[in-house]
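Given next are the chains, with one letter for each unit.
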Amino acid sequence: CGGSTVGPVPEKMQAWRVHKQCDSADETISNMKIEEVDVPKPQNGQVLIKVHFAAVNHFDWKLMKGGLKETCSVSCPYTPGFDVSGVIAKLGPGVKGLKVGDRVCVSIGALETCKQDTPIGPAGGFAQYAIALAETVSKTGLALEKAVVFPMVGLATYQALFTGRGKSFQDEELGKLKRGNKL
């Protein structure tokens, strides 16, 4: 996992796929299958990442439980997994600032992973390769097993500290952190 060299990209890969959205995470997971599927090809502004690690976060879990049917319906089959870390294996046209071999982490995006009609979907991280929009990818010097935890958690932390989009347990407004404030 520590290296940044990438060999040739195969035509096929293994992916853990959801074929039926169920009413419980246990049932959804028990119906998942590892399948051989085509390796996605990066389009304009996209990168192909050789996935080293994929995180399971609260959003993945909620989606698998069927708790987001009204706001985030899925197109089965799909490959779940929003947050990944790995190495860029291929660049799509127009990608700047990244190169093959860069160690990266990214949150692919909820709709991008589980809908057919998105620019990259369905293209989740529970696979050997994943597509991501280049503008959402972050280079990392961290060990990839540590970097994978930052995309969604990092975004939530940023929003809580700086965007004014949350409340404390004491019902105080959060997200207006300024120089001199204490956490």
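Everything that follows concerns the structure shown earlier in this document.
None of the values given here were measured: they were computed from a predicted structure.

Caption draft 1: The arrangement of the pattern of salt bridges in detail. Applying the stated criterion to the full structure yields five salt bridges. When the shortest N-O distance is used, the salt bridge between Glu 35 and Arg 17 registers 3.1 Å. Residue Glu 35 is found in strand S2 (residues 33–38), and its partner Arg 17 is found in strand S1 (residues 12–17); the two are separated by 18 residues along the sequence. A residue is classified by how much of its surface remains accessible, and Arg 17, at 13% relative accessible area, is buried. The salt bridge partner of Lys 99 is Asp 102, with a shortest N-O separation of 2.8 Å. Overall, Lys 99 belongs to the exposed group, its relative accessible area being 51%. Judged by its relative accessible area of 7%, Asp 102 falls in the buried class.

Caption draft 2: Structural detail: the sheet that holds strand S6 (residues 129–133). The strand order across the open sheet formed by five strands is S6-S3-S4-S5-S7, and the pairing between neighbours is antiparallel. Two strands lie at the open edges of the sheet, namely S6 and strand S7 (138–139), each paired on one side alone. In this sheet, strand S5 (residues 103–107) lies alongside strand S4 (residues 83–91) in antiparallel orientation, the contact comprising five bridges. Bridge pairing in S5 places Ser 85 opposite Cys 105.

Caption draft 3: Broad picture of the side chain of Asn 57. Checked against the element boundaries, Asn 57 lands in the loop between strand S3 (46–55) and helix H2 (58–64). At a separation of 3.2 Å, a polar atom in the side chain of Asn 57 contacts the side chain of Asp 83. Those residues in contact with Asn 57 that sit more than four places away from it in its chain are Phe 82, Asp 83 and Met 152.

Cut-offs and rules
- Residues numbered from 1 in each chain as written.
- Predicted model: local features only at pLDDT ≥ 70, side-chain atom pairs only at ≥ 80, totals over all residues.
- Heavy atoms only, no water.
- Salt bridge = Lys/Arg side-chain N within 4 Å of Asp/Glu carboxyl O.
- Helix = DSSP H or I, 4+ residues; strand = E, 2+ residues; numbered from the N terminus.
- Buried < 20%, exposed > 50% of the residue type's maximum accessible area, 1.4 Å probe, protein only.
- Pairing = 2+ DSSP bridges.
- Polar contact = N/O pair within 3.5 Å; in protein donor to acceptor, adjacent residues only side chain to side chain.
- Contact = heavy atoms within 4.5 Å.

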